[in-house]
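# Observations on chain architecture
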Amino acid sequence: MSDRLNVLKTYKLYVGGKFPRSESGRVYEVTDAKGKWLANAPQSSRKDARDAVVAARKAFGGWAGATAYNRGQVLYRVAEMLEGRRAQFVHEVADAEGLSKSKAAEQVDAAVDRWVWYAGWTDKIAQVVGGGNPVAGPYFNLSSPEPTGVVAVVAPQESSFLGLVSVLAPVIATGNTAVVVASERSPLPALSLAEVLATSDVPGGVVNVLSGRTAEIAAPLASHQDVNAIDLAGADEVLAKELEIAAADNLKRVLRPQPVDDWTATPGIDRLTAFLETKTVWHPTGSLGAGGSSY
């Protein structure tokens, strides 16, 4: 019989590529579906939210400026690292959501596959939503998608891991940076995902993960003047309305909550395009030659 003590894990926030404790010093108890204590999670404050926005803004230029192919490589690396820690996430998702080990394994496998799926889209979405436009005049007219900027993501409350990956991956795949508010009831898979992101070539600040009371963290993010968009996937009807009103102050893009019956279903490209802006460039073609063709 072993006489050693188990080393309990200390969960921390993920901000700017580092793992700080909450500025407030607060924690709250996280329990499994049967009420059994699992861990203490950091309870983020408004200052933590502001710090995360600063980190996301600082990282935005480099991430948005990276090639789409490079972003795809980074997202694929996340999938590789998750695959190597599959057993850990199966255990955490089973505890968090009250699932059997086999059901939790299905969720984790689907989350890994979701990273691969979005990795493949990074250098293809521009061809789908951009291109040359016919115009009446001697001009080239080209439309190309660009990232919106810093996106606050209120992660789904029930699907603590697959749902989270499904709303986060498309945000960063298209060159945005993210501040994630993890599921309030089940934040541990999100906090562990941060550890994977930190070792997966994702630059610090591209993804920032906060845990705590959803309404308390989301409110300052919705009203923050340096947040460009917000995904309300994990907000209930009342909170979503409050956050949408706050977001209107600086004309944020808002993705309203959308019911999802099955997070394992192929997601389509709606979330990829939700936080993209379209830039249209006009350029003169030059003089037409005798044959009626431009250069």
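Before any of the text, the structure's been laid out above.
What you see is a predicted model, and the numbers here were worked out from it, not measured in a lab.

Reading guide: rules and limits
Residues numbered from 1 in each chain as written. Predicted model: local features only at pLDDT ≥ 70, side-chain atom pairs only at ≥ 80, totals over all residues. Heavy atoms only, no water. Helix = DSSP H or I, 4+ residues; strand = E, 2+ residues; numbered from the N terminus. Rg over C-alpha atoms; globule rule 2.2 N^0.38 Å. Buried < 20%, exposed > 50% of the residue type's maximum accessible area, 1.4 Å probe, protein only. Areas by Shrake-Rupley, 256 points an atom, 1.4 Å probe, with all protein chains shown as cover. Lys, Arg positive; Asp, Glu negative; His and termini not counted. Charge placed at Lys NZ, Arg CZ, Asp CG, Glu CD. Phe/Tyr/Trp six-rings, centres within 6.5 Å; stacked < 30°, edge-to-face > 60°. Lys NZ or Arg CZ within 6 Å of the ring centre and 35° of its normal. Pairing = 2+ DSSP bridges.

### Focus on the overall build of the protein
Scanning the protein from N- to C-terminus turns up 10 helices and 10 strands. At 21 Å, the protein has a C-alpha radius of gyration in line with the 19 Å of a compact globule built from 295 residues. Across its three principal axes, the protein shows a C-alpha extent of roughly 90 × 40 × 35 Å. Across the 295 residues of the protein, 46% fall into the buried class. In the structure as shown, the protein presents an accessible area of about 14100 Å², 53% of it carried by carbon and sulfur atoms. Between the centroid of the 29 positive side chains of the protein and the centroid of its 32 negative side chains there is a distance of 4 Å.

### Considerations on the packing of aromatic side chains
Counting across every chain of the model gives five aromatic pairs. Measuring from centroid to centroid gives 5.8 Å for Tyr139 and Trp282, while their planes differ by 75°, and the two rings are edge-to-face. Of this pair, Tyr139 sits in strand 4 (residues 139–147) while Trp282 sits in strand 10 (residues 276–284), and the two are 143 residues apart along the sequence. The class of Tyr139 is partly exposed, set by a relative accessible area of 41%. Members of the aromatic cluster, connected to one another through ring pairs, are Trp117, Tyr118 and Trp121. Positioned above the aromatic ring of Phe60, the side-chain terminus of Arg57 is 5.7 Å from the ring centre. In this structure, Arg213 is placed above the aromatic ring of Tyr28, and the distance from its NZ or CZ to the ring centre is 4.4 Å.

### With respect to the sheet that holds strand 3 (residues 131–132)
Taking strand neighbours across the sheet as the criterion, the three strands line up as 3-4-10 in an open arrangement whose pairing is antiparallel. The sheet is open, and its two edges are formed by strand 3 and strand 10, each paired on a single side. Relative to strand 4, strand 3 runs antiparallel, the two sharing two bridges. Each residue of the ladder has a partner; that of Gly131, found in strand 4, is Ser143.

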